[in-house]
Structure formats: C-alpha cells, structure tokens
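# Structural characterization, general
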Amino acid sequence: MEWTVATDHAGTRLDKYLAAPDRLGSRSRAASALERGKVYLNGVEATLADAGRLLVPGDGVRIWADRPGSARVRPRTGGGELDVVFEDDRLVVVNKAPGLLSVPLERHPGVPSVYAQLEDRFRPHGKRRPLVVHRIDQDTSGLVVFAKDPAAQAYLKEQFKRREPERCYLTVVYGRPEPDTGTWRDVLVWDEKALIQKETHPRDPHGTEAITNYRVLETFGRASLLEVRLQTGRRNQVRIQARLRGHTLVGEQRYVFGPDQLRPIAFPRHALHAWRLAFMHPDDGRRIELEAPPPADFNELLSRLRRKG
C-alpha cells in the first residue's frame, strides 16, 4: 500500500494519516505498523518515534505489510517441536526448524528429522507413516509437504515434477545482485563424492537445468535480503547459484570462495528460509497457499543488519 500526501493533508501527523479508514483504520494499528518496521516515509523506514511527524505535500508513505521479520509469532498446532502449518486427511505441511533433516539419512542416523517427528505424531492414531513429497536442506528452515496416502503423494510429486508449485524463499547474501530483479540460469551436476552441486557445460549428459527468479527486497551495506522463487528444484539450488554470481549466502559453509575474511557476518547456518508455498490440493484441485514467518535466528540477523545499516 502506497500513497502520496495531498495538499489537504499538509500538517497531518504521520500516525493520524495512517489511521484513516481507507488506510490502516485506527491509531493502534498505525502504532503497531510503525513499531514493527512496516512503514516507510519517502523511502526511509519510519519508527514509532516518527508517529508525530508532520507531513508535507508530496511525501510518499508506504506500508510493507509482509516485511520479513516484522510479523508477530503466531501459535501453531502440533505437539513438541513440530510446527504444523496445514493438515487434513490427505497431507500435512510443516514449518521445519533449522538443523532438522527433512528425511533421515543413512550417513546421519542420529540426526532428528521432520519425518521421525511426524511418525511419532501419527503413531498414537494408528495412521500410516508420512510419505515424502519433496525436501529442503537440513539448515534451511521453512515449509515442507508430506502426503498421507500414496495417491496424494503421487499427485503432489507430479506437480513438483511439472514445476507447478510456487516455492518462494527468503535469503540473505553478501553484496547486492544487479539488476534488482532477474533470473539465474545454470546447468548443474551433482558430485556424488564431494556431495555438492557443481556448474557444468550445457552439453554435459549428466547436467540438469537450474532456474531461479530473484528480487532484492532490502540492502544493508555488505549484504542484501532477497526473495527467490524456484522454477526448478535442484538440490542446494539457491546456494550454488548465488555463489556462482559472487553472492554467497550469509552463514554458508559449503558453497564459498576465498578466505573467511570475505564473509565477516556471523550466522550459525546458511541464511535461507522456505517462506511461501502454493500447490493444488489432491482432493479437488483447489489452490492451497501457505506462509511461514522466518524463525527467530533469521529475524535476529535481519535486525542486526538493519541496525548496522
């Protein structure tokens, strides 16, 4: 939402302007938006201290309603540490915490996984085991889908194969990609020995196409917050594609280049969060749209970078 202050609103307090019925509708909502960093005045973030600022004609006022890191944490259903965002008789969508595997790995038998948590959740109800639809990396947080029956699994997996689901991530990278919006296209090959993706030439028979759309949401001196949308879903796709362009993810340990001094921002994992997910439901084809706010560590990183400018 964005407005340009007209002459008849000259001298109006910012919070009063925001509280108008055709804007936020109340002073309390205006104060909340200012407190949570959702308001921009002439392109600069306004705070609660700016509530009494008097507007002049031509001022630009913008509300960034879904600014990452500004949402209040909402309670979810689910037992223990399992954060269930959506569930019915056919499928379940979980907001995976960083550090959890999506699915157990033979080489890491003792590492907790969302799959094991769902098994524990289903067991008392005599339900079947969860069925894997897709995965995200261990240190990536965010939305993951599991099916509850083979037909739902096949229906959902076919959507991912056809590249139909909307998969939107947030990531913090070093530098600022140029231009501010664009598409990354690469041919990648998985190295089975090193267990990493590598760039390869277009004629490599083992190569697979990787396509990511990106948009710069915010910049902070040495780093930028990006929204990335996957057209393809290759393993470690965002991490390697950003690295190939000199924009290593903050906290990245595997896809890096040069000495550690080039990556001075402290963060215990790669800064990547599966933020939004949309797909068609296997029962009736209705569109399911889900969102998971970034976890506390990601929000703390954004707050720290915003303070430093």
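Rules used in this analysis
Residues numbered from 1 in each chain as written. Predicted model: local features only at pLDDT ≥ 70, side-chain atom pairs only at ≥ 80, totals over all residues. Heavy atoms only, no water. Helix = DSSP H or I, 4+ residues; strand = E, 2+ residues; numbered from the N terminus. Rg over C-alpha atoms; globule rule 2.2 N^0.38 Å. Buried < 20%, exposed > 50% of the residue type's maximum accessible area, 1.4 Å probe, protein only. Contact = heavy atoms within 4.5 Å. Areas by Shrake-Rupley, 256 points an atom, 1.4 Å probe, with all protein chains shown as cover. Lys, Arg positive; Asp, Glu negative; His and termini not counted. Charge placed at Lys NZ, Arg CZ, Asp CG, Glu CD. Phe/Tyr/Trp six-rings, centres within 6.5 Å; stacked < 30°, edge-to-face > 60°. Pairing = 2+ DSSP bridges.

## Structural notes on the overall build of the protein chain
Counting its regular elements, the protein chain contains 6 helices and 15 strands. Scaling as 2.2 N^0.38, a compact globule of 309 residues should have a C-alpha radius of gyration of about 19 Å, and the protein chain matches this with 22 Å. With respect to the three principal axes, the spread of C-alpha positions in the protein chain is 65 × 50 × 35 Å. In the protein chain, buried positions account for 50% of the 309 residues. When contacts within the protein chain are restricted to residue pairs at least 6 apart in sequence, long-range pairs at least 24 apart make up 63% of them. Of the roughly 15,900 Å² of accessible surface on the protein chain, 49% is carried by carbon and sulfur atoms. Distance between charge centres in the protein chain, computed from 51 positive and 41 negative side chains, equals 1 Å.

## Observations concerning the packing of aromatic side chains
With the rule as written, the count across this model stands at 2 aromatic pairs. The interplanar angle of 45 degrees and the centroid separation of 6.2 Å between the aromatic rings of tyrosine 40 and tryptophan 64 together place this pair among those described as tilted. Pair noted here: tyrosine 40 is in strand E2 (residues 39-41) and tryptophan 64 is in the loop between strand E4 (60-63) and strand E5 (84-87), with a separation of 24 residues, a long-range link. Judged by centre distance (5.0 Å) and plane angle (25 degrees), the rings of tryptophan 184 and tyrosine 214 are stacked. Within this pair, whereas tryptophan 184 is found in strand E10 (residues 181-191), its partner tyrosine 214 is found in strand E12 (residues 208-220), the two being separated by 30 residues in sequence.

## Side note on the pairing of E10
By the bridge criterion, 8 bridges tie E10 to E12 in an arrangement that is antiparallel. When the bridges of E12 are listed, glycine 182 appears paired with tyrosine 214. With 4 bridges connecting them, E10 and strand E11 (residues 196-199) associate as antiparallel partners. Counted as the bridge partner of valine 189 is lysine 198 from E11. Here E10 folds back onto E11, and the loop between the two strands holds 4 residues, one of which, leucine 195, carries a positive phi near 55 degrees.

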